[in-house]
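Each chain is listed here by its residues.
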Amino acid sequence: MREAADRTPNDVIVSASGLVKHYPVASKSVLPTPPKHLHALDGVDISIRKGEIFGVVGESGCGKSTLGRCLLHLTDITAGSIIFRGQDITHKSRHELKPLRKDMQMIFQNPFSSFNPKLKIGASLREVGHVHGISKQATQERIAELLDDISLPEDMLSRSPGELSGGQLQRLAIARALLLNPSFIVADEPVSALDVSVQAQILNLLMDIRSKFSLTMLFISHEMTVVRHLCDTVAVMYLGVVVEQAKTDELFAHLAHPYTQALMSAIPRVDPQARLERIVLQGDIPNAIDIPTGCRFATRCVKCEPVCTSRAPALRDIGGGHLVACHFAKGMNV
Amino acid sequence: MDNLLEIKNLTVKLMTARGLVHALSGVNLSLRRGEIHGLVGESGCGKSMTSKSVLRLHNARRSKMTGEILFDGRDLLTLSDREMEALRGVRISMIFQDPMTSLNPLMTIGSQIAEMYRHHCRDNKQTARQKAIAMLEKVGIQPAEKRYDQYPFELSGGMQQRVMIAIALACSPDLLIADEPTTALDVTIQAQILELLKELQSSMKMSILLITHNFGVVAEICDRVSVMYAGSIVETGDTNTVLQNPQNPYSQSLIRSIPSETGRIGHLLTVPGSPPELFDVMDACSFAPRCDLAAAACLSNAPTLRSCGTNGHIAACHYIGQGKGGAV
Amino acid sequence: MIKLLSQHRPMLRLKKQQGQLFTIPNTIAFVVLLIIVFACALAPLIAPYSPTAQDLSSSLAQPSADHLLGADKMGRDLLSRLIYGGRTTLLGSLGVVTFSIVVGIPLGLTSGYIGGKLDSLIMRVCDIVLSFPALLLAFIFVAGFGRGFSNAILALGIVYVPMLTRLTRSLAMVEKNKTYVEAVQSMGYSNVRIMYHHILPNCISTILVQIMLDIAYAILDLASLSFLGLGVQPPTADWGAMLDEGRNFLLQNPLLALAPGVAIILTVVALNIFSDGLHQYLEPAQRKLPSFENYEKKVGLING
């Protein structure tokens, strides 16, 4: 994102450039072989402005969860840099990061395992304040406020996680993330494990707190309909790279990348009017260890041409900030 | 209109550490020959329990079933264990949600399919192998001969699900029960699997009971759909009819809470509260505590499924025919 | 009004209740243990004689009013030796287990949670210790530091460490990957806090069961060591040592061997039963449920 450098630091809460994350893969052979790596992220640039909800969407193995964790520096990065509120945190140690942890929080996918099963909810929440040196009094008040925001009664605090439902637990996880008033939250598929009606409740809640707390959020999901509903900007990832990115309305109005088009068309629709001509992709998502040369999507793309397998397309702007990584990008009207 | 499967007043009580759970309270469902019937509901509503009951896969020591399950005229609940075994895999088959744990990790995929032929059709090794390879090709696993000797962990989620479908359809059953077969799969793979199921259903002329929580899937592939809530069916009808014009308040709220497909509209419409825990059974509508339209009648009498439209559209609500239930 | 068709009467509640822990077998085991522990603690008050008081005129005496269980070769009262001997044995086994807890649990947690090279190092050390049979290690200690009860306890303690370390480590490795651990890591909690405040409580029920079993094993192992003369030295009373002496006089007074033998068996069995019950109590998910018919009878449903 070249534009990011032009904006004032106050505007951009978190940005990363050239983010690469490789996991070493143990060789199964006795003979010495060149080391292999799982390419979770292969050069991702991202820039999130204050108050923005940035959506990242893709299927399993595309690297979206890894991206979230890298931005929060929960795992080490193979290459690239991360700037959080003007500070370069790429090489900071765990100890140096601790004071920053107050400012960046995460909401996880599985609400049932997000809390320590042996602690009552109240104890879990109070501990957060305790570890960061906030007075008991202040923590109690904050918890009470947040319970109000998430519409749950006080007696929730004396219950164990095992007694609560997915929806209640996810609300509490949101409250926990908001406890220290962070400037940035990563939500890793927060509604994927929930029933449809509960999903709706949680999405409504996220919209409410977004306006109340002017949240900046990275929203990770595999469902385009959810992302469309909630996010300002959307990036589509495939096999460790961003293949398309634009403001939500623009993206959904003009799907430019063949993968995005296939993804949209694959969603089963209730309304027959909303159904797109089904592009059924052949084959499976290739493994992230042996990345094909050229465009990563070439093996499954319906529009594949010889140039696609020899040269990897770079992300280019096709107008109005709409980025696409395809040699033949042109918009598809929905 | 021949009903292949008729579930009449099925009630299942389960014993758990937290008490007696009334998992199913009088389920009434009919599945016609050659149709794909969707069973929709949220977690805990009993849809998986219903499917397991048809095949009697539940823990007999911990549960009690009453009612009738008529398959092709025979009541499955009266059959002995041996008679049930003769039906499973041969006339009624099932596929499950997570293919990784449903396949035997220690056997090659080919041999798992061949096992069906050897066990049920008493084929010898060679014949079973031939048939298994043919089945692999039928479900779109190429090249079949090479893949025959692969193990489940070597395949992707979508492939594993295809293998499971191959195993289930090996002996050409009349009824396939698919318990959330695509929930654990990516959306592009889901599209492939749904295509495959549609193809196989028409070429093999079988019926499918498809359990899912995704209305989109129902809209794409099911002929008819039933909605479940708190252990019983609250609405049944043609897919289009139910989706365009649901008559039961719960069905209505469920359909309304799907994120809009045509653009952002702001807050989603939701129903406060959550489904009841199934410990107490009351002679009242189980949705009443959360329903806008609830009245005295709803709290004192459980509504039964009544006709509310054409072609077998039935719903359970006291307001049907009084003009209060209606279009979304 | 809402007509209830069936009443909810949960038979087993997830909340911990007194009744849950003290089922019939558990209570019996617990009472037996209490009796044994109290008897040994109150030895000076209830033992009729000193355990080392010799009376050669009563050598190998039969049970009588004077000596309720008889006397051994040196004329020492068997009952008194049994009670005092229990002290030695129980304290000894507790010492062994305490040592293994203090060393083993932190090692296991660190190994499992931190992982990496530290984990490999700790595991290799454990492997080395495990490869020594307990008795061999005890012999080495004796050779190095002389005979004595404390040396036996130390030797045994060292041998018990690897098993507890391994158990703790594997439990920690499972917990480490759970979402709530990742959540607290993302909130900047220190490693120490995560290990002891979050991971350990989630492993403790299984570890506790192992510890109770270890107490039982320690009693047996200490008895074997004493049997071979490596544990307590005469004239200190100890169940194992008494078993050793008693077997020489099975014809004259079988109680000399039987009494300590039965005491050992009783303690070990009671510990096993109680630890099993404790585990069931601490892990509700693994409780056994009765059959449906029995359940229905107990709960007495209104409408079938």
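All values derive from a computational prediction rather than experimental measurement.

A. Region of interest: the overall build of chain C. Helix and strand counts for chain C stand at twelve helices and one strand. Scanning chain C from its N terminus toward the C terminus, one meets helices and strands in the order β-α-α-α-α-α-α-α-α-α-α-α-α. If you take every contact in chain C between residues at least 6 apart in sequence, the share linking residues at least 24 apart comes to 73%. Of the roughly 14800 Å² of accessible surface on chain C, 68% is carried by carbon and sulfur atoms.

B. Quick peek at the state of the cysteines. Tallying each qualifying case throughout the model produces zero disulfides over all chains. Cysteine Cys-121 of chain B shares no disulfide, and the gap to the nearest cysteine sulfur, in Cys-171 of chain B, comes to 4.2 Å. Unpaired in terms of disulfides, Cys-126 of chain C finds its nearest cysteine sulfur in Cys-203 of chain C, a separation of 16 Å. Given a relative accessible area of 4%, Cys-126 of chain C falls into the buried group.

C. Representation of the interface of chain A and chain B in the model. Taken together, the contact between chain A and chain B spans 38 residues of the former and 37 residues of the latter. Looking only at chain A, the three residues that lose the most surface to chain B are His-229, Pro-268 and Val-270 of chain A, adding up to 20% of its buried area. Put simply, chain A and chain B have zero salt bridges between them. Here chain A and chain B share six residue pairs in polar contact (both at pLDDT 80 or more) between them. When residues of the side of chain A that touches chain B are traced back to their parent elements, those giving at least two are helix H7 (196-213), helix H8 (224-230), helix H9 (248-253) and helix H10 (258-266) of chain A. Looking at which element gives the most residues to the side of chain A that touches chain B, the answer is H7 of chain A, with nine residues.

D. Inspection of the environment of Pro-235 of chain C at higher detail. Residues and elements named next belong to chain C. Secondary-structure assignment places Pro-235 in the loop between helix H9 (191-227) and helix H10 (239-246). Distance in space between the C-alpha atoms of Pro-235 and Thr-52 is 6.2 Å, their sequence separation being 183 residues. When neighbours within four sequence positions are excluded, Pro-235 is seen to be in contact with Thr-52, Arg-76 and Arg-81.

E. Expanded view of unusual backbone geometry. Note that the residue after Gln-142 of chain B, namely Pro-143 of chain B, is joined by a cis bond; omega there is -15 degrees. Within the element layout of this structure, Pro-143 of chain B appears in the loop between helix H5 (125-138) and helix H6 (144-147). Not every positive phi belongs to a glycine, and Ser-214 of chain A is a case in point at roughly 35 degrees. By the element assignment, Ser-214 of chain A lies in the loop between H7 and strand S8 (217-221). The phi torsion at Lys-205 of chain B lies on the positive side, around 55 degrees, for a residue other than glycine. Judged by its relative accessible area of 69%, Lys-205 of chain B is exposed.

F. Up close: the pattern of salt bridges. Within the structure shown, the criterion is met by 29 salt bridges over all chains. The partner of Glu-127 of chain A in a salt bridge is Arg-193 of chain C, with the nearest N and O atoms 2.4 Å apart. In this pair, Glu-127 of chain A sits in helix H4 (residues 121-131) while Arg-193 of chain C sits in helix H9, so the two residues belong to two different chains. Relative accessible area serves as the criterion here: at 5%, Glu-127 of chain A is assigned to the buried category. Using a relative accessible area of 23% as the deciding quantity, one classes Arg-193 of chain C as partly exposed. The closest approach of N and O atoms between Glu-35 of chain B and Arg-224 of chain B, which form a salt bridge, is 3.2 Å. One end of the pair, Glu-35 of chain B, is in the loop between strand S2 (19-32) and strand S3 (36-40); the other, Arg-224 of chain B, is in strand S9 (residues 224-229), with 189 residues separating them in the sequence. Connected through shared salt-bridge partners, Arg-33, Asp-72, Arg-91 and Asp-174 of chain B make up one network.

G. Spotlight on the sheet that holds S9 of chain B. Residues and elements named next belong to chain B. Pairing is mixed across the open sheet formed by eight strands, whose spatial order is S6-S7-S8-S3-S9-S10-S13-S12. The strands lining the two open edges of the sheet, one partner per strand, are strand S6 (92-95) and strand S12 (305-307). Strand-to-strand twist across the sheet, computed as the mean angle between neighbouring axes with direction ignored, equals 20 degrees. Both strand S7 (residues 175-179) and strand S8 (residues 207-212) contribute to a ladder of five bridges, which runs parallel. Its bridge partner being in S8, Ile-177 is matched across the sheet by Leu-209. Contacting S6 and S7, helix H7 (residues 157-169) runs over the sheet at an angle of about 170 degrees to S6.

H. Structural view of helix H8 (residues 179-186) of chain C. The buried fraction of H8 of chain C is high, at seven of eight residues. For H8 of chain C, the complete set of buried residues consists of Thr-179, Tyr-180, Val-181, Glu-182, Ala-183, Val-184 and Ser-186 of chain C.

I. Structural detail: the side chain of Thr-50 of chain B. If you trace the backbone, Thr-50 of chain B turns up in helix H1 (residues 47-55). Ignoring any residue separated from it by four or fewer positions in sequence, one finds Thr-50 of chain B in contact with Ile-7, Leu-24, Val-27, Leu-39 and Met-228 of chain B.

J. The arrangement of the packing of helix H4 (residues 78-114) of chain C against helix H11 (residues 255-282) of chain C in detail. Residue and element names in this part refer to chain C. Packing of H4 against H11 leaves a shortest axis separation of 11 Å and a crossing angle of 35 degrees. The two elements H4 and H11 meet at a crossing, and its hand is right-handed. Contacts from Leu-78, Leu-82 and Leu-90 of H4 reach H11 at Leu-255, Leu-256, Ala-259, Pro-260, Ala-263 and Thr-267. Residues that form the contact of H4 with H11 fall into these classes: eight nonpolar, one polar and no charged.

K. Structural detail: the side chain of Arg-176 of chain A. Here Arg-176 of chain A lies in helix H6 (residues 166-178). Lacking a salt bridge, the buried Arg-176 of chain A has Glu-127 of chain A as its closest oppositely charged neighbour, with an N-O distance of 7.9 Å. Among the polar contacts made by the side chain of Arg-176 of chain A, one reaches the main-chain carbonyl oxygen of Ser-114 of chain A at a distance of 2.9 Å. If near-sequence neighbours (up to four positions away) are discounted, Arg-176 of chain A is found in contact with Gln-105, Ser-114, Phe-115, Leu-125 and Val-128 of chain A together with Ala-183 and Met-187 of chain C.

L. Structural context of the environment of Ser-113 of chain A. Looking at where Ser-113 of chain A falls in the secondary structure, it is placed in the loop between strand S6 (104-107) and H4. As for Ser-113 of chain A and Leu-169 of chain A, which are separated by 56 residues in sequence, their C-alpha atoms are 9.2 Å apart. Among residues more than four places away in sequence, those in contact with Ser-113 of chain A are Thr-179 and Tyr-180 of chain C.

M. Quick look at the packing of aromatic side chains. Taken as a whole and assessed by the stated rule, the structure comprises eight aromatic pairs over all chains. Taking the centre distance of 5.1 Å and the plane angle of 85 degrees together, the rings of Tyr-238 of chain A and Phe-297 of chain A count as edge-to-face. Remark: Phe-297 of chain A occurs in the loop between H10 and helix H11 (306-310) and Tyr-238 of chain A occurs in strand S9 (residues 233-238); sequence separation between them is 59 residues. Ring centres of Tyr-229 of chain B and Tyr-250 of chain B lie 4.3 Å apart, and the angle between their planes is 45 degrees; on these two criteria the pair is classed as tilted. Here Tyr-229 of chain B, found in strand S9, pairs with Tyr-250 of chain B, found in helix H11 (residues 249-256); they are 21 residues apart in sequence, far enough to count as distant. On the basis of relative accessibility, which here comes to 3%, the residue Tyr-250 of chain B falls in the buried class. Ring pairing ties together the aromatic residues Tyr-238, Tyr-259 and Phe-297 of chain A, which thus form one cluster. The aromatic ring of Phe-115 of chain A is capped on one face by Arg-176 of chain A, whose charged end is 4.3 Å from the ring centroid.

N. Here's a closer look at the sheet that holds strand S1 (residues 12-25) of chain A. All names here are of chain A. The strand order across the open sheet built from four strands is S2-S1-S4-S5, with neighbouring strands paired in antiparallel fashion. Looking along the sheet, the strands with just one partner apiece sit at the ends: strand S2 (36-49) and strand S5 (87-88). As judged from the five bridges shared by S1 and strand S4 (residues 79-84), these two strands associate in the antiparallel manner. From the neighbouring strand, Ser-15 faces S4, where its bridge partner is Ile-83.

Each value, and the rule that gives it
- Numbering of residues begins from 1 in every chain and follows the order in which that chain's sequence is written.
- Working convention: letters from A go to chains and numbers from 1 go to ligands, in the order in which they are written.
- Local features in a predicted model are, by the rule used here, given only for residues with pLDDT of at least 70; side-chain atom pairs are given and counted only at 80 or more, and totals for whole chains, interfaces and linings are based on all residues.
- Think of the side-chain values as coming from all heavy atoms in the structure, minus any hydrogens and water.
- Here a strand is any run of E in DSSP of at least two residues, a helix any run of H or I of at least four, and the numbering for each starts at the N terminus.
- Should any heavy atoms of two residues lie within 4.5 Å, those residues are considered in contact.
- For every accessible area listed, the method is Shrake-Rupley and the probe measures 1.4 Å; residues are considered covered only by the protein chains on display.
- Sulfur atoms of two cysteines make up a disulfide when they are within 2.5 Å.
- Burial here depends on accessible area, computed with a 1.4 Å probe over protein chains only, as a share of the maximum for the residue type. Under 20% is buried, over 50% is exposed, and the range in between is partly exposed.
- Throughout, buried area stands for the accessible area (probe radius 1.4 Å) lost by two parts on being put together, summed over both.
- When a carboxyl oxygen of Asp or Glu lies within 4 Å of a side-chain nitrogen of Lys or Arg, that pair is called a salt bridge.
- Distance and chemistry together define a polar contact, namely a pair of N or O atoms within 3.5 Å, with one atom able to donate a hydrogen and the other to accept it when in protein, and with adjacent residues in sequence counting only for side-chain atoms on both sides.
- At least two bridges found by DSSP between two strands is the condition for calling them paired.
- Only the stretch in contact is used when a helix axis is fitted, and all axes are lines through C-alpha atoms; the angle between N-to-C directions ranges over 0 to 180 degrees.
- By convention the crossing between two helices is left-handed if the near helix lies anticlockwise of the far one by an angle smaller than a right angle, and right-handed if it lies clockwise.
- Three classes are used, and their members are as follows: Ala, Val, Leu, Ile, Met, Phe, Trp, Tyr, Cys and Pro are nonpolar, Asp, Glu, Lys and Arg are charged, and the others, Gly among them, are polar.
- Positive charges come from Lys and Arg, negative ones from Asp and Glu, while His and the chain ends are left out of the count.
- Only Phe, Tyr and Trp rings take part, Trp by its six-membered ring, and two of them pair if their centres are within 6.5 Å. Stacked means planes under 30 degrees apart, edge-to-face means over 60, and tilted covers everything else.
- Note on geometry: a ring has a charge over it if NZ (lysine) or CZ (arginine) is within 6 Å of the ring centre and within 35 degrees of the ring normal.

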